[in-house]
Amino acid sequence: DSYGCEEYPASVVPNAGPLQQGPSSFVAIVARGVCTFVQKAQMAQKAGASGVIVISDTEAVQIMGAANDTGAADRVGIFVVGVGKTFGGRFRNASLDADALGLEPPAMSISPYASSLLNISELFLICLATLLVALGAFFSTADVKVHEPGSFSTALAPPEEEVLE
């Protein structure tokens, strides 16, 4: 079952047998569709997989939800990651080719995104925005005579004109 919705036969599970204990080093590669992401993860976990890669049917990676069965999602103890159609197809083909040639399977490193509190680009943008607001407030009052004569802001202010009525 290329969708990973049914129990995995022993013929496709590496090191399957009565001596297998705990999760193995294999990761299931399945296609999106037919069943929920939680069901895919449960079937792979039951077969002893350490994770699941879900190949999307488009280049857009779908947000994986548990539908209304959040209790079942809490029982999933392996990682599940979605990838686009092109990358997923290439990864699946590389895995199948390596298996057919007796080579090591392809390796992929996955790590969760963690935002940094001290991201230098975000800090720069915040400082620039604050500076622009402060300068706007400073120069918008240049013609209200709140600045000393001869100051920089007075020099940049437009010349005063008398209005005669």
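See the structure above.
The residue count restarts for each chain, going from 1 along the sequence in the order it is written. Only residues with pLDDT of at least 70 get local features here, since the model is predicted, and only at 80 or more are side-chain atom pairs given and counted; chain-wide, interface and lining totals rely on the full set of residues. Side-chain measures here rest on the full set of heavy atoms in the structure, leaving out hydrogens and waters.

**As for the overall build of the chain**
As a reminder of what qualifies: Note on conventions: DSSP H or I runs of at least 4 residues are helices, E runs of at least 2 residues are strands, and numbering of each starts at the N terminus. Burial classes follow relative accessibility: with a 1.4 Å probe on protein chains only, a residue under 20% of its type's maximum area counts as buried, one over 50% as exposed, and anything between as partly exposed. A contact between two residues is defined here by any heavy atoms of the two lying within 4.5 Å.
Of regular secondary structure, the chain possesses five helices and three strands. Going from the N terminus to the C terminus, the chain shows its helices and strands as β-α-β-α-β-α-α-α. Taking all 165 residues of the chain together, the buried fraction comes to 24%. Considering only contacts in the chain between residues 6 or more positions apart, those separated by 24 or more positions represent 65%.

**Details of the state of the cysteines**
Between two cysteines, a covalent bond joining their sulfur atoms is known as a disulfide. The following threshold applies: A pair of sulfur atoms, both from cysteines and within 2.5 Å, is called a disulfide here.
Using the criterion set out here, one finds one disulfide in the structure. Two residues share a disulfide in this structure: cysteine 5 and cysteine 35, whose sulfurs sit 2.0 Å from each other. Linking cysteine 5 and cysteine 35, the disulfide has an S-S dihedral of approximately -85 degrees and is accordingly described as left-handed. Taken together, the positions of cysteine 5 in the segment before β1 (27-31) and cysteine 35 in the loop between β1 and α1 (37-47) put the pair 30 residues apart, joining distant regions of the chain. Judged by its relative accessible area of 18%, cysteine 35 falls in the buried class.

**Thoughts on the sheet that holds strand β2 (residues 51-55)**
Rules: Between any two strands, at least two bridges found by DSSP are needed for them to pair. All axes here are fitted lines through C-alpha atoms, helices being fitted over the stretch that makes contact, and every angle between N-to-C directions spans 0 to 180 degrees.
With respect to topology, three strands assemble into an open sheet ordered β1-β2-β3, the strand pairing being parallel. Two strands close off the open sheet at either side, each with one partner strand: β1 and β3 (79-83). Taking the axes of each pair of neighbouring strands and ignoring which way they run, one obtains an average angle of 20 degrees across the sheet. Looking at chain direction, β2 and β3 are connected through five bridges and run parallel. In the strand pairing of β3, isoleucine 53 is matched with valine 81.

**Some remarks on the packing of aromatic side chains**
How we decide: Ring geometry is summarised as follows: Phe, Tyr and Trp rings, the Trp one being its six-membered ring, pair when their centres sit within 6.5 Å, and such pairs are stacked at plane angles under 30 degrees, edge-to-face over 60 and tilted between the two.
Considering all chains together, one arrives at one aromatic pair under this definition. Seen from their ring centres, phenylalanine 87 and phenylalanine 91 are 5.9 Å apart, and the 25 degrees between their planes marks the pair as stacked. Separated by four residues within a single helix, phenylalanine 87 and phenylalanine 91 lie in helix α3 (residues 85-101), roughly one turn from each other. Residue phenylalanine 91 is classed as buried on the basis of its relative accessible area of 14%.

**Focus: the environment of alanine 60**
Looking at where alanine 60 falls in the secondary structure, it is placed in the loop between β2 and α2 (70-74). The sequence separation of alanine 60 and glycine 82 amounts to 22 residues, and the corresponding C-alpha distance is 9.5 Å.

**So, the nonpolar core**
As a reminder, the rule being used: The set of buried Ala, Val, Leu, Ile, Met, Phe, Trp, Tyr and Cys residues whose side-chain atoms join them within 4.5 Å is what this entry labels a nonpolar core.
Counting 15 residues, the largest nonpolar core has Tyr8, Ala28, Val30, Ala44 and Val52 as the members making the most contacts within it. Among the elements that make up this core, the one with the highest residue count is α1 (six residues). If we ignore the near neighbours within four places in the chain, the residues touching alanine 44 are Tyr8, Ala28, Ala49, Val52 and Ile78. In terms of nonpolar packing, the next biggest core, distinct from the first, is built from five residues, Ile29, Ile53, Val83 and Phe91 among them.

**What about the pairing of β2?**
This is how it is decided: Handedness is read with the strands pointing away from the viewer; a crossover is right-handed when the path from the first strand over the helix to the second is clockwise.
Across the five residues of β2, five count as buried, placing the element largely inside the fold. Of the two faces of β2, both are covered, the one formed by Gly51, Ile53 and Ile55 as well as the one formed by Val52 and Val54. In the sheet, β1 pairs with β2 via five bridges, with the strands oriented parallel. Opposite valine 27, over in β2, you have glycine 51 as the bridge partner. Following the backbone out of β1, through α1 and into the adjacent parallel β2, one traces a crossover that is right-handed.

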